[in-house]
Amino acid sequence: MPRFAANLTYLFTEVPMLDRPDWAARCGFDGVEVLFPYDQPMAEWERALAGMPVALINTPPGDWASGDRGFAAVPGMELRFRDSFLRAADYATRLKAARLHVMAGVAKGPQAEQTYVENLTWALEQAPDLHLTLEPLNPDDMPGYFLNDYDDAARIIDDLGSPRVGLQFDIWHAARLHGDAGLVWQDHRHRISHIQIAGFPGRNEPGGGGFSLPDLCDAVDADGGTRWISAEYRPAKGTAQGLGWLTALKSRGALMIGG
């Protein structure tokens, strides 16, 4: 059976951040992920998690309100990236995060890709025990974001040639970028090391968009079950009231296929 993680940035927002791991556990999740855990000290996270696994965190984005979305691909911001990466690596190590998503930032062109590859190479050397992910993000949600194509991300991962760099497959972004998330999954399944799910087209509770979540679970099982499936969506109502999808997937009792 796949392991399911609750994205604490999106789910259980009815309570303070450090109360959310307990809510996630009581609602049936096996672990959690959090986009940016840096507003809370690690010691407080360790107490709040109480041993609950952390599937993924992101590198710090910088000043989000000013448009920062990370720095890995931004020429001239190499020192800023490296400082932020080391901070993220410290959190990921202490919290035993399975994956660290390296945010590329707002940039474009060949120089940005060269910067990205050089920074990723450096990051792999600095954190030899961490597994990194790259995630393409759609331009409607992330205008100007450097990594906005799954094929480009796959090419960069293949060029890096490290088993510690994987593709982060988000059904929402894959569908927005390429129209058919199922085809993206088929093309890149062997590169994918972390999965995020949401409903399409509303980004609410998972299901819809013609993507079979039971089939996804079966594929994860068939591949050894080492990848987390994380719920990163905006609950339509209260988080706990909308978790029928989790019960269904854990029991495989319903085919959640949309039109």
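Heads up: these notes are all about the structure in this document. Keep in mind that what you see is a predicted model, and the values were worked out from it rather than measured. (Residues numbered from 1 in each chain as written. Predicted model: local features only at pLDDT ≥ 70, side-chain atom pairs only at ≥ 80, totals over all residues. Heavy atoms only, no water.)

## Section: the packing of helix α3 (residues 78-94) against helix α4 (residues 110-126)
It is at 11 Å that the axes of α3 and α4 come closest, and there the two elements cross at 35°. Considering the relative orientation of α3 and α4, their crossing is right-handed. For the pair α3 and α4, contact is made by E78, F81, R82, F85 and L86 and by T115, E118, N119, W122, A123 and Q126, respectively. When grouped by side-chain class, the residues that make up the contact of α3 with α4 number five nonpolar, three polar and three charged. (Axes fitted to C-alpha atoms, helices over the stretch in contact; angles between N-to-C directions. Helix = DSSP H or I, 4+ residues; strand = E, 2+ residues; numbered from the N terminus. Left-handed = near helix turned anticlockwise from the far one by under 90°. Contact = heavy atoms within 4.5 Å. Nonpolar A, V, L, I, M, F, W, Y, C, P; charged D, E, K, R; others polar.)

## Describing the layout of surface pockets
Computed from the structure, the largest pocket encloses a volume of approximately 260 Å³. Taken together, 18 residues make up the lining of the largest pocket; nearest its centre are Y10, L35, W64, M142 and H173. (1 Å grid on protein atoms, 1.4 Å probe; cavity = no way out; pocket = protein on both sides within 12 Å on 5 of 7 lines; lining within 4 Å. Points joined across faces, edges and corners; volume = space filled by probe spheres on them.)

## Quick look at the pairing of strand β6 (residues 165-170)
Taken residue by residue, a regular strand's side chains alternate between the two faces of the sheet. With respect to burial, β6 is a largely interior element, six of its six residues being buried. Handedness of the crossover joining strand β5 (residues 132-134) and β6 through helix α5 (residues 150-160): right-handed. As judged from the four bridges shared by β6 and strand β7 (residues 192-197), these two strands associate in the parallel manner. Paired with F169 across the strands is I195, a residue of β7. (Buried < 20%, exposed > 50% of the residue type's maximum accessible area, 1.4 Å probe, protein only. Right-handed = clockwise from strand over helix to strand, strands pointing away. Pairing = 2+ DSSP bridges.)

## So, the pattern of salt bridges
Summed over all chains, the structure comprises 10 salt bridges. Ionic pairing is found between D30 and K250, a salt bridge with its closest N-O pair at 3.3 Å. Residue D30 is located in the loop between α1 (20-26) and β2 (31-34), and its partner K250 is located in helix α9 (residues 244-251); the two are separated by 220 residues in the primary sequence. Measuring nitrogen to oxygen at the nearest pair gives 2.9 Å for the salt bridge that ties D223 to R189. Taken together, the residues D223 in the loop between α8 (213-222) and β8 (228-231) and R189 in the loop between α7 (181-188) and β7 connect sequence positions 34 residues apart. (Salt bridge = Lys/Arg side-chain N within 4 Å of Asp/Glu carboxyl O.)

## Regarding the sheet that holds strand β1 (residues 3-7)
Taken in spatial order, the eight strands close into a barrel running β1-β2-β3-β4-β5-β6-β7-β8, and their pairing is parallel. Strand-to-strand twist of the sheet, defined as the mean angle between neighbouring strand axes without regard to direction, takes the value 30°. Here β2 pairs with strand β3 (residues 54-58) via three bridges, running parallel. Looking at the pairing, V34 lines up with I57 of β3. Sheet strands touched by α8: β1, β7 and β8. Its angle to β7, the strand with the most contacts, is close to 155°.

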